[in-house]
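# Reading the structure
Residue strings, one per chain:
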Amino acid sequence: MGSETQSPRVPPAGVWVPSITYFDNASDNIDFDAQKAHFKYLASTGLTGLVIIGTNSESFLLTREERRQLIAAARETVGPGYPLMAGVGAHSTKQVIELADDAHKAGADYLLVLPPAYFGKATSMNVVKRFFAELSSKVALPIVIYNFPAVTNGVDIDSETITAIVRDSAANSPDGKSKVVGVKLTCGSVGKITRLSAEHKPEDFAIFGGQSDFLIGGLAAGSSGCIAGFGNVFPRLTLRIYQLWKEGKHQEALDLQRKQALAESPCKSGISSVKFAVSHYTAGFAGIQDAEAKLSPRHPYEPVPEPARKAVREIMAEAADIEKSLMK
């Protein structure tokens, strides 16, 4: 149950990466050999931790058993002490509780939880608070709220609701400590980071930006770092921006952030572009063969068209050179 070593209650600050998923395109099954090689490579780059079954994994296209298998494969690959967060998003409280139990047994340290919002107009902030209150009382692992309106029918959890969820969990906990220990803000709101950092101490509550192109903006406002899909492509570059900022080398960090943000722009069109970028860059670093085929999106979705591929090759070229220089 869980990882074999005791993890910190709050996710460590830094750069986390939500892994993409490799498939055998002929059988439409997960290619676990390639997947483990990807996990191993990412963990070797100095990243703080990995998120398994995040949005970039195509989580809602995976079966329950595939989700469990991916978490278990990640734990087997990275060993007992490396931090793992598991996405357990689903459409009902019961489903999320079941997935949370699977994640705990498979070796995750933390849960990343979207609000169930299949019926978007019915998902009020009261419904969101009710959901997290019930979840907090029934799961074993610490919870990180995942706010991503683009995949939850526009449901956007405001900072006041997030704070209310944290305090309600603490008030109903036997030890007075909240089971809700962090948030990932893929809404891109630096204002929320500022407000939440004014309400919560970093040792009690971790605030992560949900993309790497506003990593510095988030850090300046009080974030703990980022959980960013683009880290699948250039993990060392993303981590270096974080390190430079923390070392007080703000101008150097900002110069890299600008280059990184421009390089990330082709990935804004969707997960297919991220996966193609990984096949073009990261997979080679990880020694994965035939990566482009294995990184086609899961059926029924299509690979990116040639114009998007060209953008990945051309716009990311400078960032690729920086990534390679950081490998030395």
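Because the structure is a prediction, the values reported are computed rather than measured. (Residues numbered from 1 in each chain as written. Predicted model: local features only at pLDDT ≥ 70, side-chain atom pairs only at ≥ 80, totals over all residues. Heavy atoms only, no water.)

We now examine the UniProt feature "binding site: pyruvate" (unreviewed entry) in the protein chain. Residues annotated in UniProt with the feature "binding site: pyruvate" (unreviewed entry) correspond here to Ile 227. Mapped onto the fold, Ile 227 is located in strand E10 (residues 225-227). A relative accessible area of 0% means that Ile 227 is categorised as buried. Leave out the neighbours within four places in its chain, and Ile 227 touches Trp 16, Pro 18, Val 51, Met 85, Lys 184, Phe 208, Gly 209, Gly 210 and Gln 211. (UniProt positions renumbered as here; feature names shortened; annotations may be inferred. Helix = DSSP H or I, 4+ residues; strand = E, 2+ residues; numbered from the N terminus. Buried < 20%, exposed > 50% of the residue type's maximum accessible area, 1.4 Å probe, protein only. Contact = heavy atoms within 4.5 Å.)

For the rest of this paragraph, the subject is the packing of aromatic side chains. Scanning the model with the defined rule gives eight aromatic pairs in all. Judged by centre distance (5.7 Å) and plane angle (80°), the rings of Phe 230 and Phe 234 are edge-to-face. Phe 234 gets classed as buried once you look at its relative accessible area, which sits at 0%. An aromatic cluster is built from Trp 16, Tyr 110 and Phe 208, whose rings are joined through pairwise contacts. The cationic tip of Arg 67 hangs over the ring face of Phe 60; the distance from NZ or CZ to the ring centre is 5.5 Å. (Phe/Tyr/Trp six-rings, centres within 6.5 Å; stacked < 30°, edge-to-face > 60°. Lys NZ or Arg CZ within 6 Å of the ring centre and 35° of its normal.)

This structure, assessed with the given rule, holds zero disulfides. Of all cysteine sulfurs in the structure, the one in Cys 226 sits closest to Cys 187, which takes part in no disulfide; the separation is 14 Å. Residue Cys 187 is classed as partly exposed on the basis of its relative accessible area of 26%. Note on Cys 226: no disulfide assigned, nearest cysteine sulfur contributed by Cys 267 at a separation of 14 Å. (Disulfide = S-S within 2.5 Å.)

This part takes up the UniProt feature "active site" (unreviewed entry) in the protein chain. According to UniProt, the positions carrying the feature "active site" (unreviewed entry) are Tyr 146 and Lys 184. For this annotated set, covering 39 residues, all C-alpha atoms fall within 4.9 Å of each other, a compact arrangement in space. In this structure, Tyr 146 sits in strand E7 (residues 143-147). Given a relative accessible area of 3%, Tyr 146 falls into the buried group. In this view, Tyr 146 contacts Thr 55, Leu 112, Val 113, Leu 114, Pro 115, Lys 184 and Thr 186; residues no more than four positions away in its chain are not counted. A polar atom in the side chain of Tyr 146 sits 2.6 Å from the side chain of Thr 55. The exposure class assigned to Lys 184 is buried, which follows from its relative accessible area of 3%. Leaving out residues up to four positions away in the same chain, Lys 184 has contacts with Pro 18, Leu 112, Val 144, Ile 145, Tyr 146, Asn 147, Phe 208, Gly 210 and Ile 227. (Polar contact = N/O pair within 3.5 Å; in protein donor to acceptor, adjacent residues only side chain to side chain.)

Here Tyr 22 lies in the loop between strand E1 (14-18) and strand E2 (23-24). For Tyr 22, a relative accessible area of 0% translates into the label buried. In the structure, Tyr 22 is positioned 35 residues away from Ser 57 in sequence and 8.7 Å away in space, judged by C-alpha atoms. In contact with Tyr 22, not counting residues within four places along its chain, are Asn 29, Ile 30, Asp 31, Ala 34, Gln 35, His 38, Val 278, Ala 283, Ile 288, Lys 294 and Leu 295.

This next bit is on the sheet that holds strand E4 (residues 49-52). Judged by pairing direction, the barrel is parallel, and its eight strands sit side by side in the order E1-E4-E5-E6-E7-E8-E9-E10 before closing back on the first. Direction aside, neighbouring strands of the sheet carry axes that sit 25° apart on average. Here three bridges tie E1 to E4, and the two strands are oriented parallel to one another. Across the sheet, the residue bridging to Val 17 is Leu 50, located in E4. This element, helix H2 (residues 64-78), spans E4 and strand E5 (84-87) of the sheet and lies at about 170° to E5. (Pairing = 2+ DSSP bridges. Axes fitted to C-alpha atoms, helices over the stretch in contact; angles between N-to-C directions.)

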